[in-house]
Amino acid sequence: MSSPSPVIAQWFAAKQQNPDALLFFRMGDFYELFFADAEAAAAALGIALTARGEHDGAPIPMCGVPIHAADAYLARLIRRGFRVAIAEQMEAASARTGKAPLRREVVRLVTPGTLTEDSLLDGARPNVLLALARAGATLGAAWLDISTGLFETADTADLPALLGRLDPAEIVASPDIPLGDYNDRRTPDTTAPPPLAARARIAEAFAVASLDAFGAFSDAEAMAAALALAYVQATQAGKLPHLSPPAQHSATDALLMDAATRASLEITRARDGGTEHTLLASIQRTITSAGARTLAAWLSAPLTDPAAIAARQAAWSALLDNVVPLRAALRSAPDIARALARLSLGRGTPRDLGAIRIGLSAAIESAAALPPDLALASYAAPLHLDPALHAQLAAALADDLPARPGDSNVILPGFDGELDAHRRLRDDSRRVISGLQLDYAQRYGVAALKIRHHAQLGYVIEVPAASAETLRAHPGLTLRQSMANAARFTNPDLTDLDRRIAEAADRAAARETTIVATLTAAILQQAPALRAAAEALAALDALQSCAALAATGAWTRPVVTLDCAFAITAGRHPVVEAALARTARFIPNDCDLSPTRRILLLTGPNMAGKSTFLRQNALIVILAQAGLPVPAATARVGIVDRLFSRVGAADDLARGRSTFMVEMTETAAILNQAGPNSLVVVDEIGRGTATSDGLAIAWAVLEALHNQVRCRTIFATHFHELASLTAAMPQMCPHTMRVREWKGDVVFLHEVGEGAAGRSWGVHVARLAGIPAPTVRRAASLLTAIERGAPCNLPLFAALPTSLPPDRLRLALDAIDPDKLSPREALDALYKLKALGLSSE
Ligand code: ADP
Ligand code: MG
């Protein structure tokens, strides 16, 4: 085996520290990837795979991405599930001595949960890293968003609900903690420190004597929080971004919804994975991306405390008549939190400094735009930031800031005398030289004297050969070159000037770096205040979004109470309504689930609007408890502790579970977890199996909800037989989607009314869907026959073209008594029937 080249040896060392990541290895203006990394990246990015040098007698596979486009490639790799370690050159190429390669170090591990660049992040969504740790029977959770400084913890009894709420980009958890559908977001690194060490570690990170300074954290919470910090530090080459101190959550302060419920209600993400047809998109009137993130966070974690809900309602209500000035002020507000995060990790750009400057003015303007209302006081207070910092940044920073330092001036002229002097020399060299040239021409009495720049000699005095002798007489001048027609001299001043000009550019750059560092330090010193202001601005943006919605008159402020009330008048489904807007009017519907009628059984034909009604009421609960306006004329909602939404027969082939199995698993979760303060909406339960099976299951589940769980329920079903069970279930109230028959056709009115559907109209729907007319006619006559109780023999099957001898098959069929067959015998019987059919062809 040959020993690797020095650079490849460096690569091996860096790779060994980061075996689970692709290594972006800095080589001049490229990040290069080698060996298996190169093969994986070239395939994932669709870039050319080449080779560079040899190792062990074989060419080394290689691919590379240019530095200036690296972010775009990084984003694609991260989205494809890769982690990327970035190894930078730690010294300038000009500083290289001898043949040793430049020093390179891994400065950062880029993982889905530790992103900070706007190009890698979705502006409208939080990017959460979750850490989990177990202490005894308790499961502790800590989550943070390093791009905004958020840091929170909770003891969690319901991990699926927490996962659904946070939708973490990455999860640090040991393999014995099951993550369900989120398992592919688990990171390899996992060991949580023991409780005492964990507490000490967090106290140290926040420079306090004890973690108790921030609350009474459980061991499990402390361990999870320390695990999160350790992971962030490991990915940031030892650095920690500015984070807010850990804030404790209790398991009951948010409405619990598991991932299946969230998915079925399409709150922040639609079933197809997109974000367009979601509850969030339908209510979003935010102006800034930070505001969009806050609104998304509110929707993901609706509250359970009526006072906290009322506070949010009061805040947006206070903006109702005053929203215009605030909107104008927010329009210029940049993403302060994310700029701050980059600055705190030492990877801020000049534009991040600019973002803080503009953010400070946006905060001042927004504070001035707020009406003096007590409900807004807690949002207004953090906006009063240090005017000195604003003045300093305004005086220092250029208006148009470059994306990278060095591309153009970051610091304004006039801010720093020394910087100005370096720049003058750098930029004004031509003027300085021509002044000097005039000066020398006079001093030495040679009118034709020129100062020129020479590649090897630097700046020289050049005179015609005839004047060479005159200049040689001057002791201060040194002849450097003499040619047939000209001679070149230098003097110490000129040599010095030459050096100074060359150095001026470097000095200007260095001085600018120093000033930028000073400004950055001044900003970071006020990081907590800036983060609080950023949060307040984001919240104000979310609040004005609510006010804008409510100002249309179509959205209203719900009454939220601590009982089991539920009364909606003229409720709407905002997403379906928006989708209909062009073609049809959405029909509003009431919903009353008050205690004497807390189970609403909804029957009616397909396509009549059952699923829409079900979901709209669940969405109204989410909106109401998030403190937002709701799409209804009036709404009264008693606090819901857990919300369940289940859609029958949703195929889940991707996870390899049968439709019916999924349905039953989800139904089991409802019956096991729902309580008297929950809201359950179930859609078409029992659809995924045979009719009698399905009916039996739907019936039993309905009974359990009525008699044991005793929660508010909307139960949509195509089994209209269930509507006759009112005597056995007095709190069940049958409703149906109104339908009108018109000239033999069915018209869906999309109105929910009391009563039961007499029939299911499936044949009509088949016609609407475009099933060919003869088939529809045939289905209609079959239906009539079946409804008359005709046995499934003649004349029903008479019209079927068949060559089977019905007598032999009939005899065999009649001989079978299904109730007496074992599964094995049933299978044998099937084979026998099949064989009979075949032999008769
Ligand atoms: P079902 O669950 O009864 O099969 P859906 O709720 O899926 O019916 O509704 C089918 C379609 O009917 C929707 O896509 C929508 O276009 C329309 N629709 C539903 N509810 C309403 C309504 N309240 N007003 C107007 N159109 C509606
Ligand atoms: Mg439906």
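Structure report, in brief. In this text the structure is predicted, and so the values were computed from the model without any measurement. (Residues numbered from 1 in each chain as written. Chains lettered and ligands numbered in written order. Predicted model: local features only at pLDDT ≥ 70, side-chain atom pairs only at ≥ 80, totals over all residues. Heavy atoms only, no water.)

A count of helices and strands for the protein chain gives 28 helices and 25 strands. A compact globule built from 841 residues would reach a C-alpha radius of gyration of about 28 Å, whereas the protein chain, at 37 Å, exceeds it by more than 25%. Along the three orthogonal principal directions, the C-alpha set of the protein chain runs to about 135 × 75 × 65 Å. By the burial criterion, 47% of the 841 residues in the protein chain qualify as buried. In the structure as shown, the protein chain presents an accessible area of about 39,200 Å², 56% of it carried by carbon and sulfur atoms. A gap of 4 Å separates the mean positions of the 80 positive and 85 negative side-chain charges of the protein chain. (Helix = DSSP H or I, 4+ residues; strand = E, 2+ residues; numbered from the N terminus. Rg over C-alpha atoms; globule rule 2.2 N^0.38 Å. Buried < 20%, exposed > 50% of the residue type's maximum accessible area, 1.4 Å probe, protein only. Areas by Shrake-Rupley, 256 points an atom, 1.4 Å probe, with all protein chains shown as cover. Lys, Arg positive; Asp, Glu negative; His and termini not counted. Charge placed at Lys NZ, Arg CZ, Asp CG, Glu CD.)

What follows covers the site of ligand 1. With respect to spatial proximity, 14 residues lie near ligand 1, and among them I587, M607, K610, S611 and T612 are the closest. Within the contact set of ligand 1, an oxygen atom lies 3.2 Å away from a backbone nitrogen or oxygen of A608. Backbone polar atom of K610 to an oxygen atom of ligand 1: 2.8 Å apart, as the coordinates give it. In isolation ligand 1 has 560 Å² of accessible area, and contact with the protein removes 80% of it. Listed by contribution, the elements that provide at least two residues to the shell around ligand 1 are helix 21 (574-580) and helix 22 (610-625). Sort the elements by how many residues they give to the shell around ligand 1 and helix 22 lands first, with three residues. Across the shell around ligand 1, the residue classes break down as seven nonpolar, five polar and two charged. (Near = heavy atom within 4 Å. Polar contact = N/O pair within 3.5 Å; in protein donor to acceptor, adjacent residues only side chain to side chain. Nonpolar A, V, L, I, M, F, W, Y, C, P; charged D, E, K, R; others polar.)

Two orientations exist for strands paired in a sheet by backbone hydrogen bonds: parallel and antiparallel. In spatial order, the strands read 10-7-8-9-11; together these five strands make up an open sheet with mixed pairing. With one partner strand each, in any of the chains shown, strand 10 (170-172) and strand 11 (247-249) form the two edges of the open sheet. With strand direction ignored, the average angle separating the axes of adjacent strands in the sheet is 25 degrees. Judged from the three bridges that link them, strand 7 (residues 129-135) and strand 10 form a sheet pairing that is parallel. Looking at strand 10, one finds that L130 is bridged to I171. Running at roughly 5 degrees to strand 8 (residues 138-145), helix 4 (residues 159-166) makes contact with strand 7, strand 8, strand 9 (150-155), strand 10 and strand 11 of the sheet. Across the sheet, helix 6 (residues 219-235) lies against strand 7, strand 8, strand 9, strand 10 and strand 11, angled at about 140 degrees from strand 7, the strand it touches most. (Pairing = 2+ DSSP bridges. Axes fitted to C-alpha atoms, helices over the stretch in contact; angles between N-to-C directions. Contact = heavy atoms within 4.5 Å.)

As summarised here, the arrangement of the four strands in space is 12-13-15-14, forming an open sheet in which the pairing is antiparallel. At either margin of the open sheet sits one strand with a lone partner, and together these are strand 12 (450-454) and strand 14 (478-482). Neighbouring strand axes in the sheet, compared pairwise and without regard to direction, differ in orientation by 40 degrees on average. Where strand 13 (residues 458-464) lies against strand 15 (residues 486-490), four bridges are found, and the strand directions are antiparallel. Within strand 15, the position partnered with P464 by the bridge is A486. Across the face of the sheet, helix 17 (residues 429-444) comes into contact with strand 12 and strand 13 while running at roughly 130 degrees to strand 12. Set on the sheet, helix 19 (residues 492-525) makes contact with strand 12, strand 13 and strand 15; between it and strand 13 the angle comes to about 140 degrees.

Counted by the stated rule, this structure contains 32 salt bridges. In this structure, the salt-bridge partner of D167 is R185, at a minimum N-O distance of 2.8 Å. Within this pair, whereas D167 is found in the loop between helix 4 and strand 10, its partner R185 is found in the loop between strand 10 and helix 5 (195-205), the two being separated by 18 residues in sequence. Since its relative accessible area comes to 29%, R185 is described here as partly exposed. (Salt bridge = Lys/Arg side-chain N within 4 Å of Asp/Glu carboxyl O.)

Here we take up the layout of surface pockets. In this approach the atoms are scanned with a rolling probe the size of a water molecule, which exposes any empty space left behind. Roughly 1,200 Å³ of volume is contained in the second largest pocket. Lining the second largest pocket are 30 residues, with Y31, E117, R347, T349 and R404 sitting closest to its centre. It is helix 3 (residues 70-79) that provides the largest number of residues to the lining of the second largest pocket, a total of three residues. By residue class, the composition of the lining of the second largest pocket is twelve nonpolar, six polar and twelve charged. (1 Å grid on protein atoms, 1.4 Å probe; cavity = no way out; pocket = protein on both sides within 12 Å on 5 of 7 lines; lining within 4 Å. Points joined across faces, edges and corners; volume = space filled by probe spheres on them.)

What follows deals with the side chain of R488. Its location among the elements puts R488 in strand 15. In this structure R488 comes out as buried when scored by relative accessible area, which is 16%. A polar atom in the side chain of R488 sits 2.9 Å from the side chain of E462. Excluding its chain neighbours within four sequence positions, the residues that come into contact with R488 are H454, V460, I461, E462, T478, L479, R480, Q481 and M483.

To continue, consider the pairing of strand 3 (residues 50-55). Bridging between strand 3 and strand 4 (residues 58-66) involves four bridges; their strand directions are antiparallel. Counted as the bridge partner of H55 is A58 from strand 4. Between the antiparallel neighbours strand 3 and strand 4 lie two residues, among them D56 with a positive phi of about 50 degrees.

Its place among the elements puts L295 in helix 9 (residues 289-300). Separated by 89 residues in sequence, L295 and F206 have C-alpha atoms that sit 28 Å apart. Those residues in contact with L295, other than ones at most four positions away along the chain, are L280, I283, Q284, T286, A542, S545 and L628.

Quick look at unusual backbone geometry now. One non-glycine residue, D56, adopts positive backbone phi at about 50 degrees. Mapped onto the fold, D56 is located in the loop between strand 3 and strand 4. Accessibility expressed as a relative area gives 38% for D56, which makes it partly exposed. Phi is positive for A207, close to 50 degrees, though the residue is something other than glycine.

Quick look at the packing of aromatic side chains now. Going through the model one piece at a time under the given rule, you end up with nine aromatic pairs. Relative to F34, the ring of F25 has its centre 6.2 Å away and its plane inclined at 70 degrees; by these criteria the two rings are edge-to-face. F34 carries the same exposure label as F25, and that label is buried. Between Y440 and Y444 the ring centres are 5.8 Å apart and the planes differ by 50 degrees, which places this aromatic pair in the tilted class. With Y440 and Y444 both in helix 17, this residue pair falls four residues apart, about one helical turn. With a relative accessible area of 1%, Y440 lands in the buried category. Residue class for Y444 comes out buried when judged on its relative accessible area of 9%. Put simply, the rings of W11, F12, F25, F34 and F35 pair up and form one aromatic cluster. If you follow R26 out to its NZ or CZ, it ends over the ring of Y31, 5.8 Å from the centre. The side chain of R312 reaches across the aromatic face of W298, ending 4.1 Å from its centre. (Phe/Tyr/Trp six-rings, centres within 6.5 Å; stacked < 30°, edge-to-face > 60°. Lys NZ or Arg CZ within 6 Å of the ring centre and 35° of its normal.)

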